[in-house]
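# Remarks on the overall topology
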Amino acid sequence: MFNKNFKLVLAGLIIATAIWQFIEGNIGNGIFLLLLSGIFIFLYFKNEMILLAFLRLRKQDFPGAKKWLDRIKDPEKALVKKQQGYYWYLHGLMVSQTNITQAEKFFKRALRLGLSMDHDLAMAKLNLAGIAMTKRRKREATTLLNEAKKLDKHGMMNDQIRMMKEQMKKI
């Protein structure tokens with residue numbers, strides 16, 4: 001919605017107003033303004049459009065998630081580097097059902113930019129392994145599957161990894 005730098009400037013102005021309220025003796029107003037500035041600082045690191053797209057994906061609403069992601073016009077300027085990774089990760093998840101070549105580009109770009117959660121990294125590598133397997137690149141798929149297994153600390157993707165390894169034996 002807002003540019004990332006605009007969010008920081010707005011948070012800075014609100015903090016300055018909060019300090020002024022503390023000096024004037026209006027402690028309640030100052031505390032409220034500090035909490036309000038915390039929202040803008042949070043939204044600097046976690047973009048609101050990406051959060052809404054994740055909520056849509058949890059409901060399996062791919063067109064709704066795409067609609068929220070399309071509201072981000074220029075991700076390089078509007079998002080922090082990690083959020084750019086999640087932007088391309090979400091695009092890869094949505095496109096993986098229809099165009100695996102484009103999905104591969106999106107997942108590789110997301111991994112290059114960085115994802116902060118291990119299970120997101122594991123999911124991206126698992127998807128890349130599946131794409132590599134469909135393109136008959138067994139060595140790359142094996143490497144990506146092993147990396148995904150290392151990143152999956154809670155064992156949430158054990159079944160998918162096991163199924164992909166069984167399918168690779170057929171190649």
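Just above, that's the structure.
We now turn to the structure provided with this report. (Residues numbered from 1 in each chain as written. Predicted model: local features only at pLDDT ≥ 70, side-chain atom pairs only at ≥ 80, totals over all residues. Heavy atoms only, no water.)

## Concerning the overall build of the protein chain
What counts here: Strands here mean DSSP runs of E at least two residues long; helices mean DSSP runs of H or I at least four residues long; both are numbered from the N terminus. Two things to know: the radius of gyration comes from C-alpha atoms, and the globule rule equals 2.2 Å times the number of residues to the power 0.38. Relative accessibility decides the category of a residue: with a 1.4 Å probe and only protein chains considered, values under 20% of the type maximum give buried, values over 50% give exposed, and everything between is partly exposed. We call two residues in contact whenever any of their non-hydrogen atoms come within 4.5 Å of each other. We get accessible surface area from the Shrake-Rupley algorithm with a probe of 1.4 Å; when it comes to residues, only the shown protein chains can shield them. Neither His nor the chain ends contribute to the count of charged residues, in which Lys and Arg are positive and Asp and Glu negative. To locate a charge, take NZ of a lysine, CZ of an arginine, CG of an aspartate or CD of a glutamate.
A tally of regular secondary structure across the protein chain gives 10 helices and 0 strands. Whereas a compact globule of 171 residues would reach a radius of gyration of roughly 16 Å, the protein chain reaches 21 Å, over 25% beyond that. Residues classed as buried in the protein chain amount to 40% of the 171 residues present. Restricting to contacts in the protein chain with at least 6 residues of sequence separation, those with at least 24 account for 54%. Carbon and sulfur atoms provide 61% of the accessible area of the protein chain, an area that totals close to 10,500 Å². Counting 30 positive and 14 negative side-chain charges, the protein chain places the centres of these two groups 5 Å from one another.

## With respect to the pattern of salt bridges
Applied cut-off: Whenever Lys or Arg places a side-chain nitrogen within 4 Å of a carboxyl oxygen from Asp or Glu, that contact is recorded as a salt bridge.
Within the structure shown, the criterion is met by 11 salt bridges. For Lys-66, the salt bridge identified is with Asp-70, shortest N-O distance 3.4 Å. Taken together, the residues span about one helical turn, with Lys-66 and Asp-70 both in helix 4 (residues 62–70) at a distance of 4 residues. The salt bridge involving Glu-147 is made with Lys-125; its shortest N-O contact spans 2.6 Å. One end of the pair, Glu-147, is in helix 9 (residues 138–151); the other, Lys-125, is in helix 8 (residues 118–134), and 22 residues separate them in sequence. Since its relative accessible area comes to 16%, Lys-125 is described here as buried. Here the salt bridges do not stand alone but share partners, grouping Glu-104, Lys-108, Lys-135, Arg-137 and Glu-140 into one network.

## Re a nonpolar patch on the surface
Let me state the cut-off plainly: Without a salt bridge and with relative accessible area above 30%, a residue can belong to a patch; like charges are then joined within 9 Å and nonpolar side chains (Val, Leu, Ile, Met, Phe, Trp, Tyr) within 5 Å.
A contiguous nonpolar patch, built from Phe-22, Ile-27, Ile-31, Leu-34 and Leu-35 and spanning about 440 Å² of accessible area, is present on the exposed surface. The element best represented in the nonpolar patch is helix 2 (residues 27–45), accounting for 4 residues. Of note, Leu-34 is situated in helix 2. The class of Leu-34 is partly exposed, set by a relative accessible area of 37%.

## Considerations on the packing of aromatic side chains
Spelled out, the test is: Stacked, edge-to-face and tilted labels apply to pairs of Phe, Tyr and Trp rings (six-membered ring for Trp) whose centres lie within 6.5 Å, assigned for plane angles under 30 degrees, over 60, and everything in between, in that order. Whether a charge lies above a ring is judged from NZ of Lys or CZ of Arg, which has to be within 6 Å of the ring centre and within 35 degrees of the ring normal.
Following the criterion strictly, the structure yields 6 aromatic pairs and no others. An aromatic cluster is present here, built from Phe-54, Tyr-86, Tyr-89 and Phe-107 joined pairwise through their rings. Between Lys-67 and the ring centre of Trp-68, over which it is positioned, the NZ or CZ distance is 5.3 Å.

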